[in-house]
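Chain residues, written in single-letter form:
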Amino acid sequence: MKDGDQIPRVLVIDDEPNIRELVRVALKFHGCLVTSGATGKDALALAASDKPDLIMLDVMLPDTDGFEVCRRLRASGDDVPVIFLTARDTTSDTVTGLTLGGDDYITKPFSVEALVARVRAVLRRTRRQDGPGPGTAGSGSTLRAADLELDEDHWTVRRAGIAVDLSATEFRLLAYLMRNQGLMLTRKQLLENVWGWEYVGQSQVLETYVSYLRRKLDPLGPPLIHTQRGVGYSLRPP
């Protein structure tokens, strides 16, 4: 990987030994430090002890499914990026994985090249959003639209002076809409720039997250996110 000087640490959890080995070899070849496990219990233990930069997580595990593992990680405050790796490819499963806090969803069988590209995209996006921590000099980037304010340095959002609690994906989506306020953004633009990959046929994921944002922002003032049917979305001050 050439997205940073630090060697990315990736945890691979899959109960199929051949899949684990394939992913391990591919990621190691591309510069990652890889550890692996076969169960949900392994995933939670290794996530706590190894502090990986990313987890490749199978959904179908022998003790508990990957969705529950991700749910427990997020409940414990662990925001490590998660890429689900599974044979289940229904839209409902994809939306479930991403709305639980997953960062990507790869279905089996997969090409090694596509998998590596997705890993690169998630790591690159994560490193951008980590940015400078509290107490360090930042870009001072604060986005505003009417009474909505988004501070990219400190990852905070306020509307009408009221703090709005957003997930990492909701924050990225809102930031992209605000950086391009007034413009009609296509679904393809939003999926590529917010999720870091073209989610072919996954517009339902985008619609779900737009719905989440509206649910949190609209009670505090006039609607800001507008839909152009068949095209995409725009954020416009009232």
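Residues numbered from 1 in each chain as written. Predicted model: local features only at pLDDT ≥ 70, side-chain atom pairs only at ≥ 80, totals over all residues. Heavy atoms only, no water.

### Notes on the overall build of the chain
- A count of helices and strands for the chain gives eight helices and 12 strands.
- Evaluated residue by residue, the chain yields a buried proportion of 44% over its 238 residues.
- Taking contacts inside the chain between residues at least 6 apart in sequence as the whole, the part at least 24 apart equals 60%.
- Carbon and sulfur atoms form 52% of the exposed surface of the chain, whose accessible area is close to 11,500 Å². (Helix = DSSP H or I, 4+ residues; strand = E, 2+ residues; numbered from the N terminus. Buried < 20%, exposed > 50% of the residue type's maximum accessible area, 1.4 Å probe, protein only. Contact = heavy atoms within 4.5 Å. Areas by Shrake-Rupley, 256 points an atom, 1.4 Å probe, with all protein chains shown as cover.)

### So, helix 2 (residues 40–50)
- Turning to helix 2, its buried residues are Gly40, Ala43 and Ala47. What you see down the axis of helix 2 is that its buried residues fit within an arc of 50 degrees, all on one side. Turned more than 90 degrees off the buried face of helix 2, the exposed positions are Lys41 and Ser49.
- Tucked inside the fold, the buried residues of helix 2 contact strand 1 (9–13), strand 3 (54–58) and helix 3 (66–75).
- Downstream of helix 2 by one or two residues, Lys51 has phi in the positive range, about 50 degrees. (Arc of directions from axis to C-beta.)

### Re the packing of aromatic side chains
- Following the criterion strictly, the structure yields four aromatic pairs and no others.
- Residues Phe67 and Phe84 carry aromatic rings whose centres are separated by 5.2 Å and whose planes lie at 75 degrees to one another, so their mutual orientation is edge-to-face. One end of the pair, Phe67, is in helix 3; the other, Phe84, is in strand 4 (residues 82–86), with 17 residues separating them in the sequence.
- Since its relative accessible area comes to 0%, Phe84 is described here as buried.
- With a centroid separation of 4.1 Å and an interplanar angle of 15 degrees, the aromatic rings of Trp155 and Phe171 are classed as stacked. Taken as a pair, Trp155 in the loop between strand 7 (148–151) and strand 8 (156–159) and Phe171 in helix 6 (residues 168–179) lie far apart in primary sequence, 16 residues in all. (Phe/Tyr/Trp six-rings, centres within 6.5 Å; stacked < 30°, edge-to-face > 60°.)

### What about the sheet that holds strand 4?
- Strand order across the open sheet formed by five strands is 2-1-3-4-5, with parallel pairing between neighbours. The two strands at the open ends of the sheet, each matched to only one other strand, are strand 2 (33–37) and strand 5 (104–107). Recorded for the sheet is a direction-independent mean angle of 20 degrees between the axes of neighbouring strands.
- Bridge count between strand 3 and strand 4: four bridges; the pairing is parallel. When the sheet's bridge partners are listed, Leu57 is paired in strand 4 with Phe84.
- Against the sheet, helix 2 touches strand 1, strand 2 and strand 3, its axis set at about 170 degrees to strand 1.
- Lying on the sheet, helix 3 is in contact with strand 3, strand 4 and strand 5; it crosses strand 4 at an angle near 170 degrees. (Pairing = 2+ DSSP bridges. Axes fitted to C-alpha atoms, helices over the stretch in contact; angles between N-to-C directions.)

### Looking at helix 7 (residues 187–195)
- Here helix 7 has its buried residues at Arg187, Leu190, Leu191, Val194 and Trp195. Each buried residue of helix 7 lies within a common arc of 95 degrees when the element is viewed along its axis, so the set occupies one face.

### Some points on the nonpolar core
- Core analysis: the biggest nonpolar cluster contains 30 residues, and Leu173, Leu174 and Leu235 have the highest contact counts within it.
- Counting only elements with at least two residues in this core, the list comes to strand 6 (142–145), strand 7, helix 6, helix 7, helix 8 (203–217) and strand 12 (232–235).
- Considering every element that reaches this core, the biggest residue donor is helix 6, with seven residues.
- Discounting chain neighbours no more than four positions away, the residues touching Leu174 are Leu148, Leu150, Val157, Leu166, Leu213, Leu217 and Leu235.
- Residues Val23, Val34, Ile83 and Phe110 belong to the second largest nonpolar core, which totals 18 residues. (Core = buried A, V, L, I, M, F, W, Y, C linked by side-chain atoms within 4.5 Å.)

### Points about the side chain of Asp104
- Mapped onto the secondary structure, Asp104 falls in strand 5.
- A polar contact of 2.8 Å, which involves the side chain of Asp104, links it to the side chain of Arg118. (Polar contact = N/O pair within 3.5 Å; in protein donor to acceptor, adjacent residues only side chain to side chain.)

### Things to note about the pairing of strand 8
- Only one face of strand 8 is covered, namely the one carrying Val157 and Arg159; the face carrying Thr156 and Arg158 has none of its residues buried.
- Here four bridges tie strand 7 to strand 8, and the two strands are oriented antiparallel to one another. Looking across to strand 8, one finds that Asp151 is bridged to Thr156.
- The loop that links strand 7 with its antiparallel partner strand 8 comprises four residues; one of these, Trp155, has a positive phi angle of about 55 degrees.
- Where strand 8 hands over to strand 9 (residues 162–163), the hairpin turn is made up of two residues, of which Ala160 adopts a positive phi near 55 degrees.

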